[in-house]
Amino acid sequence: MVLLTRSSAHWRRPSSLWAASVLTILAVGCEGAPQSTSSSAPPSEMESQARLLDQAIAPEAPLPDDTTPAPDFNTEAYDRIYENPFMAVVQEPLSTFSIDVDTASYANTRRFLTENRLPPPDAVRLEELINYFSYDYPQPTGDEPFSITTELAVAPWNPEHELLLVGLQGQQLDTEVLPPNNLVFLLDVSGSMDEPNKLPLLKAAIKLLAEQMDADDRVAIVVYAGAAGLVLEPTPGSETSQILAAIEALEAGGSTAGGAGIELAYQVAKENFLPEGNNRVILATDGDFNVGPSSDGELVRLIEGKRDDGIFLTVLGLGTGNYQDSKMEQLANQGNGNYAYLDSLLEAKKALVTEMGGTLVAIAKDVKLQIEFNPTEVKAYRLLGYENRLLEAQDFNDDQKDAGELGAGHSVTALYELIPADSAAAIPGVDPLQYQESTVLPSDDLLTLKLRYQQPDGDTSQLVQQALQREEIWQNTPSANMQFASAVAEFGLLLRNSEYKADADYEAVFTRATQSQGADFYGYRAEFLDLVQQADLLSR
């Protein structure tokens, strides 16, 4: 027989002590019984009971326990985000940061919401939510490869504050005039990619891009698992069937030697460098590197050593459960690159076909912004997002300091929440200095905006500078650009449960986004409205 005890609604096996006690009782009950002297005699009742008890407590046959939760194997990794605080203009008049055209956070946030889960706060990067969408900024008309748009209005979630919009619009290039491509696909085919939303999705995505190539383009494929290898030599883009066959033959298995793959991919790209073309490595992975250089620091240093070769980087993230967001974002940031997350084939089409020019063709690199606020107009400011793209003030003039790239047709939007100079709001500060004092010069300017950028093949920056007055950019009725960008930002504040969310609420987000939805040719903004409603329901 098998003896079971019931405790706290759990069935469990008897302990060894309990079993020993039962054996003792059985032994006592058998005292005085005739004893067999033959070694071949059948086992006694006590021995049979003992064997049954041994089987009952044997560890190799555990009984099911439906009430014990399954172990959590989720190893997704996100860097901690410390939100930008309000900075007192008298003490910190300069705000300096690198642009960021990544969109991975938005697609990853969408993945969580469609799975009926709110995303972890550190998965929500405001700038990537805002920059997922294009805005109606004018095309550049001068010598610069981008236009600059600025606007000032009341902050929707805090009427006592103001919201400053700074928008960049990269020059749109027709597909017919895009430079030839030297593309090296660096594809993770390790065992962790053997899931429907990883390698099969990746293969379908790469096929979409491969079908856009022509005879002037070159495509190579490097794969890595336990080791790295070249599975498709640089091949003319017109050889579509050969490229597609190489993609179709890919299978997942083994560990993940990401560092070796990066080395080989950059070597292939360098050997086939096109002086007048777009030279780019496209890394597609879940980021779960575990062989060779695998720490964030090791891989970042590896990428940093490659960016001076004129080879850009695109990072495509895939999958769930072991998704290493922090590692992939750092690689893109340090590799003159951009970063997207593919949660569906439609997202792959957006990144690799619809916005191919912006994803693959850089029109400016190392793009930095620096704003000096006038303390007679602004008491304090807070940059929304861009926490991991902040720069020191002196980095703005340092052409060796890496910053983000701007792709053809890309738009970049930054929002500042401002506290006016006449506000009674208390701003944390420092004690007065003992050995120096600052003098505020009279000016009607609200701020001075400066921007530095380099040509994709250059190493010397060019400066763009403009002083702006409040009356020039103030809008009593915010533009559709401001309404929609602020709605997305407010959505992010709510998802992060930000300490700066003030009066933010999902209903206001939905109303403002609906009013500013615009033409929405691809339906991205309509989808955003669905996500707002989903987040609202999940947060209740």
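Shown above is the structure to which this text applies.
Treat the numbers as computed from the prediction; the structure is a model and nothing was measured. (Residues numbered from 1 in each chain as written. Predicted model: local features only at pLDDT ≥ 70, side-chain atom pairs only at ≥ 80, totals over all residues. Heavy atoms only, no water.)

*Asks:* Residues and numbers for the sheet that holds strand 12 (residues 337-341), please.
*Replies:* Reading across from one edge, 9-8-7-10-11-12 is the order of the 6 strands in this open sheet, with mixed pairing throughout. The sheet terminates laterally at strand 9 (228-236) and strand 12, the two strands that pair on one side only. Taking the axes of each pair of neighbouring strands and ignoring which way they run, one obtains an average angle of 15° across the sheet. Across 7 bridges, strand 7 (residues 181-188) lies against strand 10 (residues 278-285) in parallel orientation. Looking across to strand 10, one finds that Leu 187 is bridged to Ala 284. On the sheet, helix 5 (residues 199-210) packs against strand 7 and strand 10 and is oriented at approximately 175° with respect to strand 7. Along the sheet face, helix 9 (residues 325-334) touches strand 10, strand 11 (312-317) and strand 12 and points at about 150° away from the line of strand 12. (Pairing = 2+ DSSP bridges. Helix = DSSP H or I, 4+ residues; strand = E, 2+ residues; numbered from the N terminus. Axes fitted to C-alpha atoms, helices over the stretch in contact; angles between N-to-C directions. Contact = heavy atoms within 4.5 Å.)

*Asks:* Can you explain the pairing of strand 15 (residues 404-407)? Please cite residues and give values.
*Replies:* With burial as the criterion, each face of strand 15 is covered, one bearing Gly 404 and Leu 406 and the other bearing Glu 405 and Gly 407. By the bridge criterion, 3 bridges tie strand 13 (residues 362-373) to strand 15 in an arrangement that is antiparallel. Along strand 15, the bridge assignment pairs Ala 364 with Leu 406. (Buried < 20%, exposed > 50% of the residue type's maximum accessible area, 1.4 Å probe, protein only.)

*Asks:* Provide a residue-level description of the side chain of Gln 169, including the pertinent values.
*Replies:* Tracing the sequence through the fold places Gln 169 in strand 6 (residues 162-170). Within the structure, Gln 169 has its side chain in polar contact with the backbone oxygen of Gly 409 (distance 3.1 Å). Among residues more than four places away in sequence, those in contact with Gln 169 are Tyr 135, Tyr 137, Pro 138, Gln 139, Pro 140, Pro 145, Phe 146, Ser 147, Gly 409, His 410 and Ser 411. (Polar contact = N/O pair within 3.5 Å; in protein donor to acceptor, adjacent residues only side chain to side chain.)

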